[in-house]
Amino acid sequence: MNPIAFRATVINIAGNTALFTLKIVAGVLSGSIALISEAINSLNDIAAAVATFICVKISNKEADEGHPFGHSRAEPIAGLIIAVLAGILGFEVIRASVERLLSKTTPEITVFSLAVPVVTMAAKSSMAWHFKRVGRMFNSPALSATAKDSMMDVLIAVAALVGISGAYMGYDYFDPLAGLVISLWIIYTGYSIGLENIAYLIGEAPPPKLMEEIKAAALAVKDVRAINTVRAHFVGNFIHVEIHVEVDKNLSTYDSHAIGKEVERRVEGVDSIEKTFVHIDPV
């Protein structure tokens, strides 16, 4: 595993474990459903972080006889796990929030309780920035999904702060209402992360803009007259391309092969392209 990606996954596990401990202590002491929901969210994050660590490690394994194109599909699986766990968590928080609204229990909010969401916002903002940067650096959907999840946690912390602040001022219903807001946001974010990673797993075509970059890279090669066919799809978080290029039929096999190799080199220089298969059409 790349040392930078490895460090990012370790930071994710350690950071979420520390935040879970802080939130569960504050939640139990105060009885705040918003803080307990936050703690459950961090527990979910720990599970997702462990899944990300395992899948990033697997995806970085070299290609072998059983997996000739590598193990890159492992990373979107981690993103999908995050999405499923987020959905389960969201519905669990809805249930707990509705129960609290009906029971009309009064939480005991202290300064410590109010400080926990503030600490969470600061920690998660830093983690989101770091994971987003590393995810882009290594084209990692698992770390990119983790970055989105961390930003979601910042907004969840804001909702929790509003809820427990309202309860602190005597408006008890603010606390479970904050829990409902948190749950809906969790479900939405899990849905969007799931869609993105399903696209990686089923081999969806890349965006039209990237297809144009692929064509431009091939046409920039000397003696390529035109392009007949271009097809591309995701293999995990990377893209494989099949391209048919037209060359002069009077060229030697050696020269035609050299043109094909140059097309392959140029196309694989486009961001996210892992492998290019070039077919020569003599015209």
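The model shown is predicted, which means the values in this text are computed figures rather than measured ones.

Regarding the layout of surface pockets
There is about 450 Å³ of room inside the largest pocket. Forming the walls of the largest pocket are 23 residues, and the residues nearest its centre are Arg136, Asn139, Ser144, Glu196 and Tyr200. Every element with two or more residues in the lining of the largest pocket is listed here: helix 4 (111-137), helix 5 (141-168), helix 6 (174-201) and helix 7 (208-219). Tallied by class, the residues present in the lining of the largest pocket amount to 11 nonpolar, 6 polar and 6 charged.

Remarks on the side chain of histidine 244
With respect to the helices and strands, the residue histidine 244 is situated in strand 2 (residues 238-247). We classify histidine 244 as buried; its relative accessible area is 17%. Excluding residues within four positions of it along the chain, histidine 244 makes contact with Ala226, Ile227, Asn228, Thr229, His279 and Asp281.

Describing the nonpolar core
Core analysis: the biggest nonpolar cluster contains 21 residues, and Ile214, Ile239, Val241, Ile243, Val263, Val267 and Ile273 have the highest contact counts within it. Counting only elements with at least two residues in this core, the list comes to helix 7, strand 1 (226-235), strand 2 and helix 8 (253-268). Discounting chain neighbours no more than four positions away, the residues touching isoleucine 214 are Val230, Ala232, Val241, Val267 and Ile273. Among the nonpolar cores identified, the runner-up in size contains 18 residues, and Ala34, Ala86, Val116 and Ala160 belong to it.

Examining empty space enclosed by the protein
Evaluated as defined, the whole model comprises 1 cavity of 30 Å³ or more. Taken together, Asn12, Asn16, Asp45, Ala48, Ala49, Ile82, Lys124, Thr146, Asp149 and Ser150 make up the lining of the largest cavity. Secondary-structure elements contributing two or more residues to the lining of the largest cavity are helix 1 (3-30), helix 2 (33-59) and helix 5. Of the residues belonging to the lining of the largest cavity, the class tally is 3 nonpolar, 4 polar and 3 charged.

Analysis parameters
Residues numbered from 1 in each chain as written. Predicted model: local features only at pLDDT ≥ 70, side-chain atom pairs only at ≥ 80, totals over all residues. Heavy atoms only, no water. 1 Å grid on protein atoms, 1.4 Å probe; cavity = no way out; pocket = protein on both sides within 12 Å on 5 of 7 lines; lining within 4 Å. Points joined across faces, edges and corners; volume = space filled by probe spheres on them. Helix = DSSP H or I, 4+ residues; strand = E, 2+ residues; numbered from the N terminus. Nonpolar A, V, L, I, M, F, W, Y, C, P; charged D, E, K, R; others polar. Buried < 20%, exposed > 50% of the residue type's maximum accessible area, 1.4 Å probe, protein only. Contact = heavy atoms within 4.5 Å. Core = buried A, V, L, I, M, F, W, Y, C linked by side-chain atoms within 4.5 Å.

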